[in-house]
Every structure is written in structure tokens, then in C-alpha cells.
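# Coordinate analysis (summary)
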Amino acid sequence: MTTARRGPLLFGLALLLLITVTLAVTIGPSDVGARAAYDVVAGHLGIGSGSSPTTDAIVWEIRLPRVLLAGAVGAGLALVGTVLQATMRNPLADPYLLGISAGASFGAVIVFVGIGGAALGLTTGAFGGAMVAFAGVVALAAGRGARLDPARIVLAGVAVASLFDAATSLLIIAAADPDATRGILYWLLGSLAGATWSDLAIAVPLLAVGLGVMLAQARALNAMAIGDDAAAAVGVDVARTRWLLLVTSALLTGALVAVSGAIGFVGLLLPHATRLLVGRDHRLLLPATALAGATFLIWVDTFARTAFDPQEIPVGVATALIGAPAFAYVLVRRMEPR
Amino acid sequence: MQNESLARTPAPRRLVVMALTAALVVGACGGSAGTTTTADRAATAAAPAAVTATAAPIDDCGTRVPPSPPPARAVTLNQGATEVMLALGLQDRMIGTAYLDDRVAPAYAAAYAALPVLAKEYPSREVLLAHRPDFVYASYASAFEADAAGPRGALASLGIRSYVSPFGCAASARPPRVTLAGVFGEITDIGRVFGVPGRAQTLIDGQRAELARSLAPPLPGSGLHVLWWDSETKAPFVGTCCGAPAMMLAAVGARNVFADVAGSWANVSWERAVAADPDVIVLVDATWDTAASKLRYAQASAALRGLRAFREHRVIELPFSDTTPGVRVVTGIGLLADGLRKLAAPAP
């Protein structure tokens, strides 16, 4: 894709995201419609009159933070997936490759079954677990040297994830508390239900920093996607860059998982779908995947919270349900000319 | 179909169990309310409610619930909560219910049918708020998770009070053992909140009288070793030390084979059940795991059909909803006592 087309394409995706947010906030299982929703938002922005407390709570405390969090999580997961696929040169790399979802699940389950007590919040527990697991993966993969070999990282990730998954299952069985287990399942599948403004305060700054770091390494990613030697030949400090990107990915994923559980599919296939559509130049690919990931997850979550009205389904279930056919379509369409 | 996946606890919990651990617990959460506050309340409720007693907040799972003003737009989540409300004749204060395990007791069926059902299982937060409730009453803490009604604190900030059955509190706030005092304490609490302490006392007095009739000495379970088979077959899910099954068995004077296993229910190995060769086996009859299916499994199993209780058909079937802590557990104790008396009676 030429530089000349970059601007319009990103502008188009950003516009699509804006329209998505604007529409999604008007959709919900209650009969609070578009007009009432905009009244609430306008009221909070100081350009309109207020609404009834119930309507206000529905739009301002439930729908809007949830829509925005879906966007932040979708963007973040898609970004991390894109970066990891390039640095690992592995098309199956996704944000959970680094043991993060397994570690976060373990941390969350500890909180759920009450071992951590009320002092340790769910978000803290999940983030802590994610970081412990990531540290384990890095320790295993790096061994005594500072060099990180992609194949070793993948294997270390599998080993650490298995260990944490087993520990999670053991805790659930030992606790033998179906009522707590119900919440754990919801969390393990990934859910944006109950999104709050404070979740956004965690996710958005980390997303901004992560995006900044990743964009600054876009050229290095282009080179690393070809090979470590090729990257070194054009002056990329491969070891340092890989460390930087891995740590950034881990922190961002840890924060996202901590506020939303382990939502699958977005981080694995959204990068591929976007790559098929916009090409392999990370200077374009990174912002494009972020925008596409945000738009995708907002719509999927809108489906998850309304399709089975009056109940909810975990968004992690819906991502693949909707995403797999969509991806198949992109895949087939792009394959045909060859 | 959905109902078949339901267990002692609502379906998603059941799903979790199957999805995650294949052979896990299906029980409602154990423990019961023997807390001082509950006992005090039970004791004071008999006397005409003093003004000070009425105003004191109710300690519910560590959350303080102001007992007044009486709610006018209550929503019940879970069958147990719904049945307590209907047993107190409070349907005119309810605007909706959700989440049955099976069917409400026949005595409350008509009142129940007249109430809107907000969702088959838990309604989402937005749906709940859109109905503008002023009180949310649930049997399990899971009702207040993010995908359901949302945290109690968030409801409170909208002026919506909430109450969770003491047996359904999160593990950290749950009484260690199910007791009848706890069952009655919940009824007393709800009576206070809705300003009908007299009705609550009448209901409790009636239940005590019913108990006295079914448990007239000699206790029908005296000297008997009983296995409480709730559900599942490979690693049976049985009543253990501290849940409603344990409380019911203790009430009739029987000894529970698995009294030494912690918690309310647990998946155990058949080996110990066979070694114990129980005098009587209780088969819980639930729509998703019937007594008949358990009996068929036992008759087909070489290890089980030799047990005395199966050989001599010393089994008692109890409907599932009469074996959960709530307004129906007294009926369950009565059925258990009757069953034991029938087994003791000489064959005609």
C-alpha cells in the first residue's frame, strides 16, 4: 500500500470506529433508546439537561464504559497479536502466548475462591498472576543468556500455561463452591460485563503507551518479520527490540486481561485479517489493526449483551462465533486471485 | 433441555462445573447461619418488634442492610428467594422474579404465575435496572456478579437495597454449617425488611409445629447409617458434613456416611460408600438427575447392587427442592422421617 493511501484508509477506519461507538451506546436490552442515551451523554458533557437516575445509570455507568472498554480491549489485543506474530515469526502467536491468560486466570481464581481475601481485588489478582506467569516464561526462555529465541519462548509459554491451568483447575476443584465457580467460568471465557470507568482508567493509559512503543518500533518489526539476521543487517538491535516489545506486550495484555478476562480470537485472527486487507507494513498495519480490533470487539460485545436478552453471554464466546465466519470470508476472498 | 443442566445451583454454575472440572460440586453452597445476630433476631422476633430493634441494620453476608422503609418493587433472583417471599405472602411487593431451579412449590404456584419473569436465569444489569426495583433478593452471591445484577455496592448507590440468603454468601462470609436457625433467620430478616415480622413469625411457628409432628420421638433415623446420594454416578456427589443434607439427617437422628468430609456436598469415591454398606440410601430426585436414573445405575453396577440398601430396597427418594436450605426444607425433613418410618415398619 502506498503512503498516499495510508491517510484515507486510517481516517476511514477511525470514522468507522466513531460511528460504531455512537451507535453501540444506543443499543441495549432495556428500552433506553438513542434519544435518551444521547441526552444522558450530553448531560454529562454539560451540554444538556439530566435524565432520570435509572436511565443515567444504564447509559453512563453500564453502556458507555462497556462500549469504550470493548474498544480499548479489542484494540490492545489486536495490537499485541500483530506485534507478537512479527517478533515471533509465528502466525499462531497471540496475546496469550506468554502465559498471561493462564497466569491471570490463576490469580483471578485465587481471589474468587477467597484465598486472597477481600484485600486483593480481582483486577489486582489477575494482573499479578499474569506478571508472575510472564516472569516464569521469560526465565525459562532466556535461560542464562539475555537472548530470547522465539521457539524457546513458545515452548516456555506452553509449559508455564499448562502449569497455571492445572493449578487453576485444582483450586476450583478444591474449593468445591459452584456459586464461585460460576463467576470463574464467566471470567475465564472473557466478559466485558460490569465494565466501569476505573477499568478504563487502567486500560486506556496502558493502551496509549503500548501503542506508542509499538509504533516507534514499526520499522524494526518490518525487518524482524523477515528474520533476525535480516533485521540485524539493517541495523536493528534484535535482542533489545524483542525484549522491549515482549515486556510491552505482556504489560498491556496483563492489564487488558485483568479488566476483561481472557477474550480469545481477537488477538489471533484480527491481525491476520487486517494484514490481508492492508498489507505487511507495520507503520500502517499497527494503527489499522488497533482501529479494526476496537470496532470488531465493540460490535461483538453489543451482540453478546443483547442477542440473548435478558441474559448475557460471555463476549469470549461470541468473538469466535462471529469472528470465525468473518475471517473465513476474508481468507477466501483474498486467496482467490492466486 | 436447559433445566436438565441445572443443578442444586443455577445452570451456569452447573455448566462451569461440567466445563471446567468434569466432576465437581453441584451443591448449593454450604454452611448456614448460626451467627449471633441471626440467633438474636430469631429470639427477639417473637416479642413485639421494638422500635430500636426494627431500626438496627441487618448484617447480611457482611453487608449492612437497612431494614426500612419496606420495599414496594422487589425482584427475587433464584428459586429459594422467590419461595420465601411467596411464603410470606409478599407477591404484591414484587415486580418480578428470575432463575428457577425446577418448579416453585404447588402452594405458591398461583402467586408465582401472576408475576413477571425477568429472565430464565439471571437478568443482565441493564434489564434489572430498567425495571426500577427498590430491592433485590437473591439466594446466591453469584446473582451480584458483573454479568448478572452487578455488585451490591453499585445497586446501593442507586438506592436499591439487596439481600443474599446466608447460605449463599460468598465463601468468606458464609456460616460454617446449615442450621434450621439459619433458615428461620432468613425468613425473620425478610419479614423485618418488608415490615411484616408477624407473618414471618407465624410462618416459622407453623414450620416448627410441622417439625415437631414429623420428629416426634423416637427419632426415625436413630442408629441408622445413611448415604445421601445427590447426583452424578462415576464419582457420586453426596451430602457431607455441613450442608442441608447433613442438617436434615441430623434432624431425624441418622448418621451420615460422609459426615467427615468437609463442605456441604462433595464428589467421593464409591469405594468408601460400598465399604460403609449404609443402612439406608437417600436418592435426590431432580429433573436433571432423577432418583430413577440413580437407581438404574446402581442396579447395573456390580459393585453397588450388592449393597444391602439396594438389595432390600431401603432407599428414600426426596424431591430436589425440598433438600435445599429454604422454606421447603421442613417439608423435606418430614418426607425423610416418613420414609424412614415406612422402612422400619414390619412388612405386611
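Just so it is clear, the model here is predicted, and its values are computed rather than measured.

## Quick word on the overall build of chain A
- Counting its regular elements, chain A contains 14 helices and zero strands.
- Beginning at the N terminus, the succession of helices and strands in chain A can be written as α-α-α-α-α-α-α-α-α-α-α-α-α-α.
- With the C-alpha coordinates aligned to their principal axes, the bounding extent of chain A is approximately 65 × 55 × 40 Å.
- Among the 338 residues that make up chain A, the fraction classed as buried is 54%.
- For chain A, contacts bridging at least 24 residues in sequence account for 75% of all contacts bridging at least 6.

## Focus on the confidence of the model for chain B
Residue and element names in this part refer to chain B.
- Predicted confidence across chain B gives a mean pLDDT of 84, with 84% of residues reaching 70 or more.
- For the stretch residues 1–53, pLDDT sits under 50, and the model shows 155 contacts to residues farther than four places along the chain or on other chains.
- Here the predicted complex carries an ipTM of 0.77, next to a pTM of 0.80.

## Focus on the pairing of strand 8 (residues 225–231) of chain B
All names here are of chain B.
- Among the seven residues that make up strand 8, six are buried, leaving the element largely enclosed by the rest of the structure.
- Relative to strand 10 (residues 255–256), strand 8 runs parallel, the two sharing two bridges. The partner of His 225 across the bridge, within strand 10, is Arg 255.
- Taken together, the four bridges between strand 8 and strand 12 (residues 280–285) define a ladder with parallel strand orientation.

## Considerations on the pairing of strand 7 (residues 161–164) of chain B
Residues and elements named next belong to chain B.
- Of the two faces of strand 7, both are covered, the one formed by Arg 161 and Tyr 163 as well as the one formed by Ser 162 and Val 164.
- When strand 6 (residues 135–138) meets strand 7, the two strands line up parallel, connected through four bridges. Residue pairing across strands places Ala 138 opposite Val 164, the latter belonging to strand 7.

Here is what the cut-offs are and how they apply
- Within any chain, residue numbers begin from 1 and follow the written order of that chain's sequence.
- To label them, take the chains in the order written and letter them from A, then take the ligands in the order written and number them from 1.
- Note on the predicted model: pLDDT of at least 70 is required for a residue's local features to be given, and 80 or more for side-chain atom pairs to be given and counted; whole-chain, interface and lining totals, by contrast, use all residues.
- Strands here mean DSSP runs of E at least two residues long; helices mean DSSP runs of H or I at least four residues long; both are numbered from the N terminus.
- Here a residue counts as buried when 20 or more other C-beta atoms sit within 10 Å of its C-beta, as exposed when there are 12 or fewer, and as partly exposed otherwise, the C-beta atoms being derived from the backbone.
- By the convention adopted here, residues make contact when the C-beta atoms placed from their backbones lie within 7 Å.
- The pLDDT score gives, residue by residue, the confidence of the prediction method on a 0 to 100 scale.
- Being paired, for any two strands, means DSSP has found at least two bridges between them.

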